[in-house]
Amino acid sequence: MTVHITRHGDASDGGTDAVGGRLSRVDGPAKITGAARYAVEQHLQGLAYAVLVESTIAAGKVQSIDATEARAAPGVLLVLTPDNAMPLKTASDWFGNTPPDVPYCPLARDIIFSGQHVAAVVAETFEQAVAAAALVKVAYDETPAIVDLNDPKAGDGIPIDAMTKEWGDASAAFTAAPVRICSAYTTPREYQVPMEPHGLIAAWQGDRLTVWEPSQWLDGMARTYAEWFAIPFENVRLVAPYVGGGFGSKALALSHGAIAASAAKMLGRPVKLVMTRPQTFTGYGGRASTRQTLALGADAEGRIQSIVHRGVNETSMDGMWVEPLGSTTAIMYAAPNFSSRQNVVRVNTVTPGAMRAPGENPSAFGIESAIDELAYEVGIDPLEIRLRNYAEQDPHTRKAWSTRQLREAFAAGAERFGWSKRTAAPRSMRDGNHLVGWGVAAGTYPVRRAYGEAMVRILADGSVEVESSSIDMGQGTYTILAQTAAETLGVPVEQVSVKLGDSHFARAGVTGGSRLAGVMTGAVFKAAGQALDELIGLALSDPRSPFETLQANTLSVRGGRIASPRGEGPELSIAELMSKLGRDSIEAKGDTMPANSTLEERYKNYTTIAMALPHTEGDYSRYSWCAHFVEVRVDEDFGTVRVSRVVSAMDCGRLYNPKLAESQWKGGIIMGIGQALLEEGIVDRRHGRIVNNNLGDYLVPTNADIPDIEVISVGIPDLHSSALGGKGAGEVGIVGVAPAIANAVFHATGKRVRDLPITLEKLI
Ligand code: MCN
Ligand code: MOS
């Protein structure tokens, strides 16, 4: 007999348990009661504490390090300098490119930015390590530094040909256009500032290394540690059950990790190293500062005829960070002629890194400000000009959008916001001493499809375990995977426990580019489906099962109880059935990899980012979209700007959990308000150091800065983007917020600020 199995889960019952339900965060209680233990909160026997010593110059050489006093200080176990550091191997980059066979030293002699790690002190207690670190004397030969993008020494930089996008004849069409605007837009260095600083505990058992470290990519970081120490990948275990925010900053193993793990190996003791808040500004890179020029040519009705875009971002002296500044520019509007090119400029900074919507975010500040300028130039409404230039297909690849509900987003947002009541002229809306301005801007972020594995286990008591080495840094992974397993298996969500954040679990790739939810719901759906198939298969065919005599070809599970679909025959709980079958567990591993993938391909998939599917693969171009409507109030005397209202309409396809998706969008919008009005890494021009390297001086929004934010979902299921029809939600919300605010400020004041953040001195 061949058993044909169909499934009937809990989806039809609706409610919060199923995918699409507004279930509250399942990890919420552990977090608010303090039961959630973060990576560096592990208590280990014999723990020693490491503290970093960092360069105070931005360029030059370490002439000498005098550690005599530090070594003699109370409790000191080890002072690490380049002279006594363990020789490590250079690890491959995140694409998995084979590294050069040269030794790697995480402590620098050649200084290329201020804040580089030059030594580390390890002591019995944290306080002893801090005190001894202050006694390490470093002498430098200082050379002139290029402090930032605007340094006269910086030059035009290196052209990045891979970023060039061109079609038609953009310069001729611009010259011929009846209406032309051309402006430059700049964004400063910005920082992810997650609440939980970077840090780790490293412990060795022989040649096995365990690292408790907050991470957006356990498998990728494990690979780096394994390569540094030339041990097998399987010998490294990364653990991070909870992550206190990352925003792009926690995807890679960094030099401080190599320092702590080396010290642990040398001392034969576990070592804990946690960055101070100031160190988090240089221990890894924030968003690169950028400069863009945009020339738009249009006809008298505001139809774009040409876009000419040139972008520059900063990178470090030894690393190559490209912030793709033409990414939103190339796809937002139907421009028949287009040219975008990009350069990078080397400056004395830590290599910049990923920060929520790298590329699309600063790119949108350029194009979404420029089109607003064009609207005023032509004399039409800023919303109308966007609709007039609506891209019906991807203008770059000329492929169909998988789904693009942007028109719907404009309509829903405008309706909710009351856009039709806007008066066109700048400074025409006022409330007492406040100049009121309304602005609109759109945003987008590509759908990155990749691979993930999940293990799903049905246990004897009828409970279900889901395991994956993916992570939850606040987005809601625990919750949506519990919902996916509950729905697929037909059990109440309380019966499901999700375990994440251990690289020895079933593997997952990087949690970056808003891909994890789509990837992991797909993997859990598949694994849970396989486990259910096996359970039903046994129930129908095992002689010990009461269903065996039914001669049925399927069974259904609802509310954790299993029965025939039409209700004849017995009805058992999963626990009762497991007991009759004499089984402790039924488990299945599912992944979203192509069938027949080899082990090597699997390893590559989870430890490099080389194999994610391009978002324009096949016949479709896949993106999430949004439209932000913003009201600002500008104090006429003081130039202070307050955002008083935000309505954003979002297209992220089907939502796995609307409550959590809304929270993602609001988080992105809040971060966008910070970017627009507050955030700026200020560089000391003498020493190339970030001056405001703390949360007192690097300003991020507080509750008092944030108005009511209304978010509306206009997405429809997009099965070209993911197994369950969702598109990414984690990053798209920030994209377009800053230009919407800048556009609103122009409407309020008549002053166009093209240089973020919009601070009061730029307005008065
Ligand atoms: N979601 C949903 N329906 C969808 C898509 C997503 O309900 N169609 C919800 C789910 O709750 C899911 C969450 O949104 O857990 C995010 O899903 P996704 O867009 O796939 O993003 P990732 O899980 O890959 O998370 C990474 C993304 C990135 S790249 C950054 S940067 C960022 C972000 O998430 N950093 C964050 N959101 C963050 N949120 C918090 N709290 N902290 C961070 O550091
Ligand atoms: Mo997000 S910046 O891709 O981690």
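Residues numbered from 1 in each chain as written. Chains lettered and ligands numbered in written order. Predicted model: local features only at pLDDT ≥ 70, side-chain atom pairs only at ≥ 80, totals over all residues. Heavy atoms only, no water.

## Points about the overall build of the protein chain
Alright, step 1. Across its full length, the protein chain carries 15 helices and 34 strands.
Alright, step 2. Whereas a compact globule of 764 residues would reach a radius of gyration of roughly 27 Å, the protein chain reaches 28 Å, a difference of no more than 12%.
Alright, step 3. The principal-axis extent of the C-alpha atoms belonging to the protein chain is close to 80 × 70 × 50 Å.
Alright, step 4. Out of the 764 residues belonging to the protein chain, those deemed buried represent 61%.
Alright, step 5. For the protein chain, contacts bridging at least 24 residues in sequence account for 80% of all contacts bridging at least 6. (Helix = DSSP H or I, 4+ residues; strand = E, 2+ residues; numbered from the N terminus. Rg over C-alpha atoms; globule rule 2.2 N^0.38 Å. Buried < 20%, exposed > 50% of the residue type's maximum accessible area, 1.4 Å probe, protein only. Contact = heavy atoms within 4.5 Å.)

## Brief notes about the packing of helix α11 (residues 516-541) against helix α12 (residues 574-581)
Alright, step 1. Put simply, α11 and α12 touch, their axes get as near as 11 Å, and they point 60 degrees apart. Taken together, the axes of α11 and α12 lie oblique to each other. Remark: the crossing between α11 and α12 carries left-handed chirality. Contacts between α11 and α12 involve L535, L538 and A539 from the first element and I574, L577, M578 and L581 from the second. (Axes fitted to C-alpha atoms, helices over the stretch in contact; angles between N-to-C directions. Parallel < 35°, antiparallel > 145°, perpendicular 65-115°, else oblique. Left-handed = near helix turned anticlockwise from the far one by under 90°.)

## Some thoughts on the sheet that holds strand β7 (residues 117-123)
Alright, step 1. Overall, mixed pairing links the 7 strands, which are arranged β3-β7-β1-β15-β12-β13-β14 in an open sheet. At either end of the open sheet lies a strand with only one pairing partner, and these are β3 (76-80) and β14 (236-239). Here the average twist between neighbouring strands, direction ignored, is 20 degrees.
Alright, step 2. Helix α3 (residues 126-133) rests against β1 (48-54), β3 and β7 of the sheet, and its axis sits at about 25 degrees to β1. (Pairing = 2+ DSSP bridges.)

## Some remarks on the packing of aromatic side chains
Alright, step 1. Within this structure, the stated rule accounts for 20 aromatic pairs.
Alright, step 2. With 6.0 Å between their ring centres and 85 degrees between their planes, Y185 and F365 make a pair best called edge-to-face. With Y185 in strand β11 (residues 179-187) and F365 in helix α7 (residues 360-378), this residue pair connects regions lying 180 residues apart in the sequence.
Alright, step 3. Look at F365 and you get buried, because its relative accessible area is 1%.
Alright, step 4. Between F417 and W419 the ring centres are 6.3 Å apart and the planes differ by 45 degrees, which places this aromatic pair in the tilted class. (Phe/Tyr/Trp six-rings, centres within 6.5 Å; stacked < 30°, edge-to-face > 60°.)

## Focus on the site of ligand 1
Alright, step 1. Surveying the vicinity of ligand 1 reveals 32 residues, the closest of which are G246, R654, Q664, A729 and G730.
Alright, step 2. Here an oxygen atom of ligand 1 and a backbone polar atom of L516 are 2.8 Å apart.
Alright, step 3. With the chains in place, 95% of the 830 Å² that ligand 1 exposes on its own is no longer accessible.
Alright, step 4. Mapped onto the shell around ligand 1, the elements with two or more residues apiece are α10 (477-489), α11 and α14 (658-677).
Alright, step 5. Examining the composition of the shell around ligand 1, we find that 3 residues originate from one element, α14, more than from any other.
Alright, step 6. Split by residue class, the shell around ligand 1 holds 11 nonpolar, 16 polar and 5 charged. (Near = heavy atom within 4 Å. Polar contact = N/O pair within 3.5 Å; in protein donor to acceptor, adjacent residues only side chain to side chain. Areas by Shrake-Rupley, 256 points an atom, 1.4 Å probe, with all protein chains shown as cover. Nonpolar A, V, L, I, M, F, W, Y, C, P; charged D, E, K, R; others polar.)

## Overview of the domain arrangement of the protein chain
Alright, step 1. Here the protein chain is described as being made up of domain 1 (40-144 + 195-280), domain 2 (290-448 + 616-762) and domain 3 (452-607).
Alright, step 2. The gap between the C-alpha centroids of domain 2 and domain 3 is 39 Å.
Alright, step 3. Taken together, the 14 residues of domain 2 in the interface contact 15 residues of domain 3.
Alright, step 4. When domain 2 packs against domain 3, the two sides together hide about 1100 Å² of surface, and 60% of this comes from carbon and sulfur.
Alright, step 5. Ranking the residues of domain 2 by area buried against domain 3 places R448, Y656 and L724 at the top, with a combined share of 44%.
Alright, step 6. Linking domain 2 with domain 3 are 0 salt bridges.
Alright, step 7. For the pair domain 2 and domain 3, the number of links is 3 residue pairs in polar contact (both at pLDDT 80 or more).
Alright, step 8. Elements represented by at least two residues in the side of domain 2 that touches domain 3 include exactly β21 (434-446) and α14.
Alright, step 9. Its residues assigned to classes, the side of domain 2 that touches domain 3 comprises 7 nonpolar, 5 polar and 2 charged. (Domains from an automatic or database assignment. Buried area = accessible area lost by both parts, 1.4 Å probe. Salt bridge = Lys/Arg side-chain N within 4 Å of Asp/Glu carboxyl O.)

## Quick notes on the pairing of strand β22 (residues 453-459)
Alright, step 1. Taking burial as the measure, the 7 residues of β22 include 6 buried ones, the bulk of the element.
Alright, step 2. As paired strands, β22 and strand β28 (residues 585-591) are joined by 7 bridges and run antiparallel to one another. Its bridge partner lying in β28, A454 is registered against G590.
Alright, step 3. The sheet contact formed by β22 and strand β23 (residues 464-467) spans 4 bridges and is antiparallel. Within the sheet, the bridge partner assigned to I458 lies in β23 and is V464.
Alright, step 4. Hairpin connection, β22 to β23: the antiparallel pair is bridged by 4 residues, and G462 has positive phi, about 85 degrees.

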